[in-house]
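A look at the structure
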Amino acid sequence: MDIIEIIAKKRDGRVLNKQEIDYFIDQYVKGNVKDYHASALLMAIYLKGMNHSETVALTNAMMHSGKIIDLSKIKGIKVDKHSTGGVGDKTSIALVPLVAASGAKIAMMSGRGLGHTGGTLDKLEAIPGMKVSLSEETFKHQIAKIGMAITGQTSDMVPADKKLYALRDVTATIDVIPLIASSIMSKKLASGTDAIFLDVKMGSGAFMKTFPDAEQLAKTLVRIGKAFKRDTRALITNMREPLGFAVGNILEVKEVIATLKGHGPSDFTELCLVSAAIMLIQAKLAKNISSAYALAEKQLKNGKAFQKFKEWIKAQGGDTTYLDAPEKFKTAKNVITLTAKKSGYIEEITALTIGEAAMHLGAGRLSVSDKIDYTAGIILKKKVGDHVKKGEPLCEVYTNKKDYQSILKDIGRAFKIVSWEIRKPEIAIKYIK
Ligand code: URA
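Rules behind the numbers
Residues numbered from 1 in each chain as written. Predicted model: local features only at pLDDT ≥ 70, side-chain atom pairs only at ≥ 80, totals over all residues. Heavy atoms only, no water. Helix = DSSP H or I, 4+ residues; strand = E, 2+ residues; numbered from the N terminus. Buried < 20%, exposed > 50% of the residue type's maximum accessible area, 1.4 Å probe, protein only. Contact = heavy atoms within 4.5 Å. Lys, Arg positive; Asp, Glu negative; His and termini not counted. Charge placed at Lys NZ, Arg CZ, Asp CG, Glu CD. Expected span 1.5 Å × (residues − 1). Core = buried A, V, L, I, M, F, W, Y, C linked by side-chain atoms within 4.5 Å. Near = heavy atom within 4 Å. Polar contact = N/O pair within 3.5 Å; in protein donor to acceptor, adjacent residues only side chain to side chain. Areas by Shrake-Rupley, 256 points an atom, 1.4 Å probe, with all protein chains shown as cover. Nonpolar A, V, L, I, M, F, W, Y, C, P; charged D, E, K, R; others polar.

So, the overall build of the chain
The number of helices and strands found in the chain is 17 helices and 13 strands. If one aligns the C-alpha atoms of the chain with their principal axes, the spans along those axes are about 65 × 45 × 40 Å. Taking all 433 residues of the chain together, the buried fraction comes to 58%. Here the analysis covers contacts within the chain between residues at least 6 apart in sequence; of these, 78% occur between residues at least 24 apart. With 65 positive and 46 negative side-chain charges, the chain shows a separation of 3 Å between the mean positions of the two kinds.

What to know about helix α16 (residues 351–363)
If you check α16, its first and last C-alpha atoms are just 15 Å apart, much less than what 13 residues at 1.5 Å a residue would give, namely 18 Å. Within the sequence span of α16, burial applies to Ala351, Ile354, Gly355, Ala357, Ala358, Met359, Leu361, Gly362 and Ala363.

What to know about the nonpolar core
Of all hydrophobic cores here, the largest spans 86 residues; its most connected members are Ile106, Phe309, Trp312, Ile354, Ile378, Ile411 and Phe415. Counting residues per element, this core draws most heavily on helix α12 (residues 266–282), which supplies eleven residues. Dropping the residues within four chain positions of it, Ile411 is found in contact with Leu338, Ile354, Ala357, Leu361, Ile378, Cys395 and Val397.

Quick notes on the site of the ligand
Taken together, Tyr165, Arg168, Ile180, Ser183, Ile184, Lys187 and Phe207 make up all the residues around the ligand. For the ligand, an oxygen atom lies 2.9 Å from a polar atom in the side chain of Arg168. Here a nitrogen atom of the ligand sits 2.6 Å away from a polar atom, N or O, in the side chain of Ser183. In isolation the ligand exposes 240 Å². Once the protein is present, 90% of that is buried. For the shell around the ligand, the secondary structure elements donating two or more residues are α8 (159–169) and α9 (177–190). At four residues, the largest contribution of residues to the shell around the ligand is made by α9. Considered class by class, the residues forming the shell around the ligand number four nonpolar, one polar and two charged.

The following block contains the structure:
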C-alpha cells in the first residue's frame, strides 16, 4: 500500500477502505508515514469529508493504536461522560458524585484545558492535594471500592490521536466532524466503559456554533458508539453564555461545592440533573427520564451527593477541609467589579469572549506548557434574561495580573443589554439516542 495513493484517493473525493485507513494510522504511529503526508490527508478529509464506515474505521484504527483498558472485572455497568468543551463547564465534577451516589459506577478519563475552554483535570487540581493521574490499577480499584474515579488518560492510550490532534492544531484541520468524532470516540472507547454519555455544547463558546452542526456531531458520535455496541447517548446543551456563574478553576470548584450542597445556579443544577438522569438510565438504575431525574434530585437534597463528593476527593488525595470550608481557598489579589452602563435586559453574554478573557486573566493556557493561576477567573452577577439597572454589577473579575485593563474592556463587550424582555434560554436543547 502507498500513502500517496491514499492521499490522492481522498483528494479526489473517493471513499477509503478499512485497510487503507488502518495502514495510514499504523504507519503514522510508527513514523513511516510522515507529518507532511498526514497533513495532506487531514486536509483532504477536511475538504471531502468521510462517510459513516470511514469514520468508524478511523475511530477503530485510532482506538487500537495503543492500550485499551479492560474494566470487565469491575461489577456492574460502567458509564463514562464526555463534554465537547465549553466555558464554565465544571459539570463532570458535580455530576460524577451525583450519579455515583445514586448507585452507578463511573469510570472517567478527562483532559486539560487549552485555549478558551477549561479542563476537568485542571479544575480538580485546584483542590490542594488532589491527584489526577492515577495508575490503571488504582483507577480500577477506586471504581470498584467507591463507584467512581476521574483520571487523565495514560500516555500509552490512543497515541494516534495525540499525534494527529497536535498536527490538526497547526494545519487548520480541527473543526470537521469526522475528525472530531473519531478523536473523541477513539479515546472514550479505549477507556473501556459499557456506556458513554456525551454533552455536546452548542454556541459561541463551543466547537459547534450552530444547532445543525451540533446535531450532526451528536448524531455522528452516537452512531459511532452504537457501531461498537456501546450504549451511547448525547445531549445538546447551550454554550452561548457561560455555564453557571463561575469561570476559572477555584471559582468553579466553589460553585460545584455550592451546587452539591443544593444552592447552585439553576442552569448548572439543571444540566447536572438531566445528565445524571440519562446516565442512570444507561446504568439501568432507572427506566425513564422522570424517575431517573427524581432519583438524582433526591441525592442532591438528602446530602448524599455531597458526601460522595468528599469520599471521592479524599480517595484521590484531595484536602476535604476545603470542601467543608470553601473560604479556605486562595483568592486573587485583584477583584474588580464591572457594572452596567445602562439599564435593560441581558440579551447575550458571549461565552467565547468570557472564556478567552478568563484565559488571559491566567485561568487557562494559550499553549500546553503555560502555567495556570487557579485563583483567576470571572464570576457573573447576571445571566441571559436577567434585568439589570444602570450601575449594578455585571460580573467580578479575579486576577493577579497587573495589566488587566484591556481584558476588562473585552469582558464588558461580552454583555449585550437591550430594552426589551429576553426569555431565559433552556440549558438542555436536544436528547439524541
Ligand atoms: N475534543 C477531542 O478530543 N478531539 C477533537 O478533535 C475535538 C475535541
